[in-house]
Amino acid sequence: MSAQAASAAAKTASSAASAPTRVTVDAVADGDLVYAKPRTPGFGPQRFWANARDDGLSELMARNSGKDAVSLSDRWRGLGGGLLKQLADTGTAYKQTLADHVPGAEAAGAVEGSDAAATAAAAAALQEQALGGVSTNAAEVNLTIRTRSGHTVELKIGVNNGDQGGTRGLQVEVKSSGALSSAERKALADLGDGLDSALEGLGEGAPTLDLSKLMAFDRGGVLSGLDLKVENPNAPADVPGAMRAFSLHLGTDTKSVSMRTTSGEMNLEVDATPPKGAATNGQRWTAIDQLLKQIDAAADRGHADAAMTKSFKDAFQQLQAPPVDEDPSSAGSVAKAVAKNDGQPIAINANAGGADEAAPVTPSMSDGLRSQVQSLQSGLADFKASFSADSQRTSRIGSIQEAGHADYRISQTTTDRPNTATGGRSISQAQTEEMDAHYEKSRTFTLDRAKGNYDAYTVKDSKTVTTLIDTAKDSVSRALRKTDEHRQKSFSQIENFRATEHNEWPSQRSVTERLR
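The sections below set out a description of the structure shown in this document. It should be emphasised that the depicted structure is a prediction, and the values quoted were computed from it without experimental measurement.

Assigned secondary structure in the protein consists of 10 helices and 17 strands. A total of 516 residues make up the protein; the buried ones form 42% of that total. Taking as baseline every contact in the protein between residues at least 6 positions apart, the subset at least 24 positions apart corresponds to 65%. Carbon together with sulfur atoms contributes 50% to the accessible area of the protein, which is approximately 26,600 Å² in total.

In this section: the nonpolar core. Counting 75 residues, the largest nonpolar core has Trp 76, Ile 157, Leu 226, Leu 228, Phe 246, Leu 248 and Met 266 as the members making the most contacts within it. Listed in part, the eight residues of the second largest apolar core include Met 365, Val 373, Ile 427 and Val 476.

This part is about unusual backbone geometry. Of note, the phi angle at Asn 137 is positive, near 55 degrees, even though the residue is not glycine. With respect to the helices and strands, the residue Asn 137 is situated in the loop between helix H5 (116–133) and strand S3 (139–147). The class for Asn 137 is partly exposed, based on a relative accessible area of 38%. Residue His 303 is not a glycine yet carries a positive backbone phi of 50 degrees. Mapped onto the elements, His 303 comes out in the loop between helix H7 (281–302) and helix H8 (306–320).

Right, let's talk about the packing of aromatic side chains for a bit. Counted under the stated rule, the structure contains six aromatic pairs. Relative to Tyr 457, the ring of Tyr 439 has its centre 4.8 Å away and its plane inclined at 15 degrees; by these criteria the two rings are stacked. Of this pair, Tyr 439 sits in strand S14 (residues 424–441) while Tyr 457 sits in strand S15 (residues 454–471); the two residues are 18 residues apart in sequence, bridging distant segments of the chain. Comparing Tyr 439 with Tyr 457, the two get one shared label, buried. Considering the side-chain rings of Tyr 457 and Phe 491, the 5.2 Å spacing of their centres and the 50 degrees angle between planes classify their relative orientation as tilted. Placement of the pair is Tyr 457 in strand S15 and Phe 491 in strand S16 (residues 476–495), with a sequence separation of 34 residues. Across the pair, exposure class does not vary: Tyr 457 and Phe 491 are buried alike. Among the aromatic residues, ring-to-ring pairing joins Phe 312, Phe 387 and Tyr 408 into one connected group.

What counts, and at which threshold
Residue numbers here run from 1 along each chain, matching the order of that chain's written sequence. Given that this is a predicted model, residues contribute local features only at a pLDDT of at least 70 and side-chain atom pairs are listed and counted only at 80 or more, while totals for whole chains, interfaces and linings are drawn from all residues. Only hydrogens and water are set aside when side-chain values are computed; all heavy atoms of the structure are taken into account. The way it works is that DSSP assigns letters per residue, a run of H or I at least four long becomes a helix, a run of E at least two long becomes a strand, and they are numbered from the N terminus. Three exposure classes are used, based on accessible area relative to the maximum for each residue type with a 1.4 Å probe and protein chains only: buried under 20%, partly exposed in between, and exposed over 50%. The contact rule is simple, with two residues in contact once any of their heavy atoms fall within 4.5 Å. Surface exposure here means Shrake-Rupley accessible area, sampled with a 1.4 Å probe, where a residue is shielded only by the protein chains that are shown. Residues belong to a common nonpolar core when they are buried Ala, Val, Leu, Ile, Met, Phe, Trp, Tyr or Cys residues joined through side-chain atoms within 4.5 Å. Classification of ring pairs uses Phe, Tyr and Trp, with its six-membered ring standing for Trp, and accepts pairs whose centres are within 6.5 Å; under 30 degrees between planes counts as stacked, over 60 as edge-to-face, and the remaining range as tilted.

Following this line, the structure appears as structure tokens:
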């Protein structure tokens, strides 16, 4: 090689060594040397959407899936009302799923070196699997609303925290069985705040009941029923009072609430028709307040779980609260027609001319007589209610000092039938109450049943109050109130698993009062 050639070769090599080399990740640039990073399904966290995410509900779902969204309240916030508003505004169904896929360490590089077709197929399979996994062991909200025209609206919300084998994410859907009228759409939109308030309370660590706005579901007279059901399979068993299931039924015949927690369960059912005698709102609220105090007294005597007792009282108050005023021209005025007929069923008979007419099945009452009868009754709608729950109480050092269990039941039944002897009515209203409880308490600061040293208490109470009213044509001819009460509390001092001391305090009372 000549000196000139050697010099040229050296210059070329030096130039090549100093030329920059560009590496671009996930991009292509013309004329440059590019090393493309393989798109590997499962490499790093990925978010998938089932449908286009360019709407307000999708934005809300994304916001409710942020790192600060921890409780069910955080994940549910605004979604129920937003879905009802979506259907009310557009009249069309809506469905969306958001999945946050976080792969395990073994997933990285699983398809490294695969061709583009295989990579695309794997990515599609991963997306399908992630979206499908949102419903696995998810906490579910199901709302069903029935209209008087015969349509059914269904709303669903699924929340997955990704801890029980599924994919962390959100899944929502709302649809109607048929085209809704403008009045029906407005009724749905009006329920939005009530649904959000109910879910906000239920989704906290210790659930609270805020159902008052849902109770007015038929204010416009176009809806006939509402059912809300919540299932939470991920409720931590070691957290007392965490919600596992909840249901609310609002119909033309009954209203009911049930809730199951890690501590126990409660069930309440209230007659949705007006009480016999059509109690005033003032009398109803006074009666509610008196019964809440009665529940408090029983719970205190049986050392019942405080959280369950509060939820039970909240549900009772909200189910028994006087109904909101309705538009007399609406279909909701049927309930008022029943009330005007003294709370009795209305018989519809076809006359010779083909028209329908209402006929009371029992003698009617004058306004004055109705007021007299009303003042002698409780003022509450008939009901049956109960709760059963474990309880714990802690000492001042934070350890469990007392543990027990309480079963509580209370109900009211009213009957009204013709009295052929007086030409009026015979009305009977019976209210029964029972508390069956036991609890064990440490004599130090920490209860340890395994060592067989503690104080044991039992409570077994029952009470029945029966009001009997007979009316003549325009007056109360007889009114009696009978009270039968049995109370028993016992105490046992346990030492080395044996009772070294035992005491009982039984009491019994039977009283008949003449009211009129």
